[in-house]
Amino acid sequence: MSTASVSTEGLSKSFGGVRAVDDASVAFHDGRINALIGPNGSGKTTFFNCVTGMIKPDAGTVTYRDRDITGLAPHRIARSGIGRSFQLCRVFPRLTVLENVLVAVQPHGLLQRLRGMRNPDDVARARELLSRVGIDHLEHAEARDISYGQQKLLELAGVLMGDPHTIMLDEPAGGVNPALVDRIADLVRELNAEGRTFIIVEHNMELVMGLSDHVVVFDRGRPIAEGTPAVVQDDPLVLEAYLGV
Ligand code: ADP
């Protein structure tokens, strides 16, 4: 039996009258590639935001590897071992690729850059990670000048600077060309083989089904099905949620 990485009990978050996450109790397995899928508006991003401290839930708890992290500030949650990427990739367009990775790890990175101060160990590690994700040849390019897919790889390199045990990716393949989608999938597999857990929100079903060990399906703010990709695909509740039949 595997332990849980991120788990929630009765997690809820409303915006006005909209119950974005509604009494959601769910557990993602440690050491696995987990997927979180569901129709648009089913609460996946809000769930991510509650887990990573970007928004405070109205009710319920978030546990990370046996530790209650409910309502902690995002930097504390990051320090506890959860890294995340964003649906609309977050990079600093006018900073270089290398600077973007350095900024990811240093809270005062921007200031240090302006002062010309850089920790050589951080620079070495940033270069190693850029090589890892395959964009080290672009280290001096400004982030705005590289492709969107490359920006996603850059964001992932920044996430890896924090050496997270669990990585939450919000639509890693969204808007990315197919060759880079394959590269991202390979990276996820490699990083998982090294012991990192993934929780991935993704609309590309081919990718989800080919990549994940465990799939959780959300509808209207809570899980309605979970299991292996094969089991979830055949679940009538899932078809109903997607097709509205
Ligand atoms: P998903 O990621 O599955 O598409 P979201 O978590 O983005 O779903 O949204 C769930 C519901 O909450 C939607 O009805 C959405 O319109 C609403 N919602 C999300 N964020 C906000 C917000 N900041 N203000 C108001 N409504 C929001």
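Look up a bit, the structure's there.
Just so it is clear, the model here is predicted, and its values are computed rather than measured. (Residues numbered from 1 in each chain as written. Predicted model: local features only at pLDDT ≥ 70, side-chain atom pairs only at ≥ 80, totals over all residues. Heavy atoms only, no water.)

1. Section: the sheet that holds strand E5 (residues 67-68)
Moving on, step 1. Pairing is antiparallel in the open sheet, where four strands are placed in the order E2-E1-E4-E5. Each of the sheet's edge strands pairs with one partner strand only, and the pair in question is strand E2 (18-29) and E5.
Moving on, step 2. Judged from the seven bridges that link them, strand E1 (residues 4-15) and E2 form a sheet pairing that is antiparallel. Residue pairing across strands places alanine 4 opposite histidine 29, the latter belonging to E2.
Moving on, step 3. Lying over the sheet, helix H1 (residues 44-51) contacts E1, E2 and strand E4 (59-64), oriented at roughly 115° with respect to E1. (Pairing = 2+ DSSP bridges. Helix = DSSP H or I, 4+ residues; strand = E, 2+ residues; numbered from the N terminus. Contact = heavy atoms within 4.5 Å. Axes fitted to C-alpha atoms, helices over the stretch in contact; angles between N-to-C directions.)

2. Here's the deal with the packing of helix H6 (residues 148-161) against helix H7 (residues 178-193)
Moving on, step 1. Put simply, H6 and H7 touch, their axes get as near as 10 Å, and they point 15° apart. Taken together, the axis directions place H6 and H7 in an arrangement best described as roughly parallel. Handedness of the crossing formed by H6 with H7: left-handed. The residues of H7 that touch H6, namely those facing Gly149, Gln150, Lys152, Leu153, Leu156 and Leu160, are Leu180, Arg183, Ile184, Leu187 and Leu191.
Moving on, step 2. Partitioned by chemical class, the residues of the contact of H6 with H7 number seven nonpolar, two polar and two charged. (Parallel < 35°, antiparallel > 145°, perpendicular 65-115°, else oblique. Left-handed = near helix turned anticlockwise from the far one by under 90°. Nonpolar A, V, L, I, M, F, W, Y, C, P; charged D, E, K, R; others polar.)

3. A word on the site of the ligand
Moving on, step 1. Taken together, Phe15, Val18, Ala20, Pro39, Asn40, Gly41, Ser42, Gly43, Lys44, Thr45 and Thr46 are the residues near the ligand.
Moving on, step 2. Between the ligand and glycine 41 there is a distance of 2.8 Å, counted from an oxygen atom to a backbone nitrogen or oxygen.
Moving on, step 3. Threonine 46 is positioned such that a nitrogen or oxygen atom in its side chain is 2.5 Å from an oxygen atom of the ligand.
Moving on, step 4. Relative to its unbound accessible surface of 560 Å², the ligand loses 58% to contact with the protein.
Moving on, step 5. Take the shell around the ligand: its biggest share by element is three residues, from H1.
Moving on, step 6. Across the shell around the ligand, the residue classes break down as four nonpolar, six polar and one charged. (Near = heavy atom within 4 Å. Polar contact = N/O pair within 3.5 Å; in protein donor to acceptor, adjacent residues only side chain to side chain. Areas by Shrake-Rupley, 256 points an atom, 1.4 Å probe, with all protein chains shown as cover.)

4. Regarding a nonpolar patch on the surface
Moving on, step 1. A surface patch of nonpolar side chains, amounting to about 300 Å² of accessible area, comprises Leu239, Tyr242 and Leu243.
Moving on, step 2. As for its position among the elements, leucine 239 is in helix H10 (residues 236-243). (Patch = residues over 30% accessible without salt bridge, like charges linked within 9 Å, V, L, I, M, F, W, Y side chains within 5 Å. Salt bridge = Lys/Arg side-chain N within 4 Å of Asp/Glu carboxyl O.)

5. A few points about the pattern of salt bridges
Moving on, step 1. As enumerated under the stated definition, the model contains 12 salt bridges in all.
Moving on, step 2. Here the salt bridges share partners, and the residues they tie into one network are Arg19, Asp22 and Arg222.

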